[in-house]
Amino acid sequence: MKATRTDALEIRDGRTDKTYSLPIVDGAIRANDLKQITSGPGDSGLLSYDPAFLNTASCRSAITFIDGDAGILRYRGYPIEQLAERASFLEVAWLLRHGELPTQAQYDAWVHDVTYHTYVHENIKKFLEGFRYDAHPMSMLCSAVAGLSSFYRESKDIFDPAQRTISIIRLIAKVPTIAALIYRHMKGLPFVHPDNELSYTENFLSMVARMSEPKYRSNPVFTRAIEILFILHADHEQNCSTNAVRSVGSSHVDPFSAVTAGLAALYGPLHGGANEAVLRMIEEIGDKSRVPAFIDGVKKGSGRLMGFGHRVYKSYDPRAKIVKRLADEVFQSVGVDKDLEIALELERIALQDDYFVSRKLYPNVDFYTGLIYRSMKFPTSFFTVLFAIARTSGWLAQWEEMLLDKEQKIARPRQIYVGPDERPYSSSLRKTIITPARA
């Protein structure tokens, strides 16, 4: 098989000795074109087999660009480094959806709309009070966001642009509020209402941490850290949770339900729970003096170094460079405790060990974000919730892009059946068959 100068892939089928020419567009062939390659009558055509979608493009998207080999991440063409340094999170949320940066008038109206939709119905609070105090916060968040669908039945009219817009505003505005309510419920603290005079991130921190003070003012280092982390986590191409949102959304369900699918996927320890896993690993190590032995165990296959390496980035996660500098600022503000000492020693040894360097196992964004959230006194189980607040903006942009893509249909992957052929039913079970009574 080889690509020709006519931008086509010439395939010779060794079974039939027939040759097929498949067009190459944007570096890909259409899997549907493989159906023409058959072995004879009764053959429905060739399939591509790709567990976990390791080399399959499920869509065309103009939102996020990643070059894993070069360590590049861009939103709508803008380098993540520039956005993290200069933009606000709500500016990035607008960009992800609309494809261009907002004008001043658009931005002011957008911030106003999001700010004044942060309140949630009182029934949502009562709903959250029904959970045990020690329930995992992601379980509560999944349930509460799914519940929003029942409050906004008009959101099911997904092909009405006005309904899509208000649903997107509501989700971006209310997810932080629900997250803060969950935090307060976990701590046994009274709920705090949103403060419309504060910025998006300041308001979230106020709802989380405000106690008896008449006006909450967050630590500026924490406010900047949350703002940047939200930007870095806003979108990341066709990852597990984004694929879940698109797949469930392809059934034309309302956006609250589609986002809930993303939350459920993000809950997993291999995805959004990765930074939580970093802290669990540090807790297991227990002391800085045990780091060398832990590293040796990882190299021998008896342990796993969480927060290092990335499935997409084959060199260095560009977000990790930004978060590393941010982490240093946070550590300088709050100091370094025992767990942070363990983490920093892990980083130091791993970056100097050829075993990890040769395998390009560098610290990724999850390694540093977990440390930052830990320094800000967020419970370890709450880390994925913070991730979800940011990623909601990307999920919604991806959901709407999928919805308006005329090529997209309801997601329905094919399979290769490997079970038994047809066989007659035969059972040795002794069972009573109940016949219906006659009138």
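Please read these numbers as outputs of a predicted model, since none were measured by experiment.

Q: Please explain the nonpolar core as it appears in this structure.
A: Core analysis: the biggest nonpolar cluster contains 115 residues, and Ile-178, Phe-204, Phe-378 and Phe-382 have the highest contact counts within it. Setting aside anything within four residues of it in sequence, one finds Phe-382 in contact with Pro-137, Ala-179, Ile-182, Tyr-183, Met-186 and Phe-204. Listed in part, the six residues of the second largest apolar core include Leu-9, Ile-11, Tyr-20 and Leu-22.

Q: Could you clarify how one ought to interpret helix H9 (residues 240–249) in this entry?
A: Turn by turn, an α-helix covers 3.6 residues, leaving residues three or four places apart pointing in a common direction. Turning to H9, its buried residues are Ser-241, Thr-242, Ala-244, Val-245, Arg-246 and Gly-249. On its buried face, H9 is in contact with helix H10 (255–266) and helix H17 (383–404).

Q: Teacher, can you tell me more about the side chain of Glu-401 here?
A: Structurally, Glu-401 can be placed in helix H17. Glu-401 sits in the buried class, given a relative accessible area of 18%. A distance of 2.7 Å separates a polar atom in the side chain of Glu-401 from a polar atom in the side chain of Ser-61. A polar contact of 2.5 Å, which involves the side chain of Glu-401, links it to the side chain of Arg-246. With sequence-adjacent residues up to four places away left out, Glu-401 is seen in contact with Arg-60, Ser-61, Ala-62, Ile-63 and Arg-246.

Q: What is the right way to look at the pairing of strand E5 (residues 72–75) in this model?
A: The side chains of a regular strand alternate between the sheet's two faces. Only one face of E5 is covered, namely the face carrying Leu-73 and Tyr-75; the face carrying Ile-72 and Arg-74 is uncovered. Examined bridge by bridge, strand E4 (residues 64–67) and E5 share four bridges and lie antiparallel to one another. Bridge assignment links Phe-65 to a residue of E5, and that residue is Arg-74. Turn length for the E4-E5 hairpin, with the two strands adjacent in sequence and antiparallel, is four residues, and the turn residue Gly-71 shows positive phi of about 70°. Sheet topology note: the E5/strand E6 (residues 78–79) ladder contains two bridges and is antiparallel. What sits directly across from Arg-74, in E6, is Pro-79. Between the end of E5 and the start of E6, which pair antiparallel, lie two residues, with Arg-76 showing a positive phi angle near 50°.

Q: Can you walk me through the environment of His-117 in this structure?
A: With respect to the secondary-structure elements, His-117 resides in the loop between helix H3 (104–115) and helix H4 (122–129). You can call His-117 partly exposed: its relative accessible area is 24%. Once the C-alpha coordinates of His-117 and Ile-166 are considered, the two residues, 49 residues apart in sequence, prove to be 9.4 Å apart. Here His-117 is in contact with Ile-166, Ile-169, Arg-170, Ala-173 and Lys-174, once residues within four sequence places are set aside.

Q: Looking at this model, I keep getting lost on H17. Mind explaining?
A: With 22 residues, H17 should cover 32 Å at 1.5 Å per step; its first-to-last C-alpha distance of 32 Å lies within 8% of that length. The element H17 is largely enclosed, with a buried count of 21 among its 22 residues.

Q: Is there a simple way to explain the sheet that holds E4 in this structure?
A: Pairing between the strands of a sheet comes from backbone hydrogen bonds, and it takes one of two forms, parallel or antiparallel. Read across the open sheet, the three strands follow the order E4-E5-E6; overall the sheet is antiparallel. Sheet topology places E4 and E6 at the edges, where each strand pairs with a single neighbour.

Q: Would you take a moment to explain the pairing of strand E2 (residues 8–13) for this structure?
A: By the bridge criterion, six bridges tie E2 to strand E3 (residues 18–23) in an arrangement that is antiparallel. Within E3, the position partnered with Ile-11 by the bridge is Tyr-20. Between E2 and E3, which pair antiparallel one after the other, the connecting turn spans four residues, and Asp-17 there sits at a positive phi close to 65°.

Q: Just checking my understanding: could you explain unusual backbone geometry for this structure?
A: With the exception of glycine, the majority of residues adopt a negative phi angle, and the majority of peptide bonds are in the trans configuration. Backbone geometry at Asp-17 places phi at a positive 65°, although glycine is not the residue there. The residue Asp-17 is located in the loop between E2 and E3 in this model. The phi dihedral of Lys-377 falls on the positive side, at around 70°, and the residue is not glycine. Here Lys-377 is to be found in the loop between helix H16 (365–375) and H17.

Q: In this structure, what is going on with empty space enclosed by the protein? I would like to understand it.
A: Empty space among the atoms becomes visible once a probe the size of a water molecule is rolled across them. This structure, assessed with the given rule, holds four cavities of 30 Å³ or more. Roughly 90 Å³ of internal volume is contained in the largest cavity. If you go around the largest cavity, you meet 14 residues; those closest to its centre are Thr-115, Thr-118, Ser-199, Tyr-200 and Asn-203. If you list the elements that add at least two residues to the lining of the largest cavity, you get H3, helix H6 (161–187) and helix H7 (200–209). Broken down by element, the residue count for the lining of the largest cavity peaks at four residues, all from H7. For the lining of the largest cavity, the class distribution of residues is eight nonpolar, five polar and one charged.

Q: Honestly, the packing of aromatic side chains in this entry has me stumped. Any pointers?
A: Scanning the model with the defined rule gives 15 aromatic pairs in all. Taking the centre distance of 5.7 Å and the plane angle of 20° together, the rings of Tyr-152 and Phe-256 count as stacked. Note that Tyr-152 is positioned in the loop between helix H5 (137–151) and H6 and Phe-256 in helix H10, a separation of 104 residues in sequence. Summarising the burial analysis for this pair, Tyr-152 and Phe-256 share the class buried. Note on Tyr-373 and Phe-378: the rings are 6.1 Å apart at their centroids and 90° apart in plane angle, and the pair reads as edge-to-face. With a relative accessible area of 6%, Phe-378 lands in the buried category.

How each quantity is defined
- Chains are numbered independently. Their residues run from 1 in the order of the written sequence.
- It should be noted that, the model being predicted, local features are given only for residues of pLDDT at least 70 and side-chain atom pairs only at 80 or more, the latter also being counted only at that level, while totals for whole chains, interfaces and linings use all residues.
- To get the side-chain values, all heavy atoms of the structure are used, and hydrogens and water are removed first.
- We call a set of buried residues a nonpolar core when its members are Ala, Val, Leu, Ile, Met, Phe, Trp, Tyr or Cys and they connect through side-chain atoms within 4.5 Å of each other.
- Only protein chains enter the calculation, and the probe is 1.4 Å; a residue is then buried if its accessible area is under 20% of its type maximum, exposed if over 50%, and partly exposed in between.
- Here, residues are in contact when the closest pair of their heavy atoms is within 4.5 Å.
- Labels follow the DSSP assignment, with helices taken as runs of H or I lasting at least four residues and strands as runs of E lasting at least two, numbered in each case from the N terminus.
- Between N or O atoms, a polar contact is any pair within 3.5 Å; within protein, one atom must be a potential hydrogen donor and the other a potential acceptor, and residues adjacent in sequence are included only when both atoms are from side chains.
- The pairing criterion for strands is at least two bridges between them, as found by DSSP.
- Given a helix with a known number of residues, its expected span is that number minus one, times 1.5 Å.
- Any residue with an atom within 4 Å of a point lines the site, the site being either a cavity, points on a 1 Å grid over the protein atoms alone where a 1.4 Å probe fits but cannot get out, or a pocket, an open set with protein on both sides within 12 Å along at least 5 of 7 lines.
- Grid points are joined across faces, edges and corners, and a volume is the space filled by probe spheres set on the points.
- Note that Gly is not counted as nonpolar here; it falls among the polar residues with everything else outside the nonpolar set of Ala, Val, Leu, Ile, Met, Phe, Trp, Tyr, Cys and Pro and the charged set of Asp, Glu, Lys and Arg.
- Ring geometry is summarised as follows: Phe, Tyr and Trp rings, the Trp one being its six-membered ring, pair when their centres sit within 6.5 Å, and such pairs are stacked at plane angles under 30 degrees, edge-to-face over 60 and tilted between the two.

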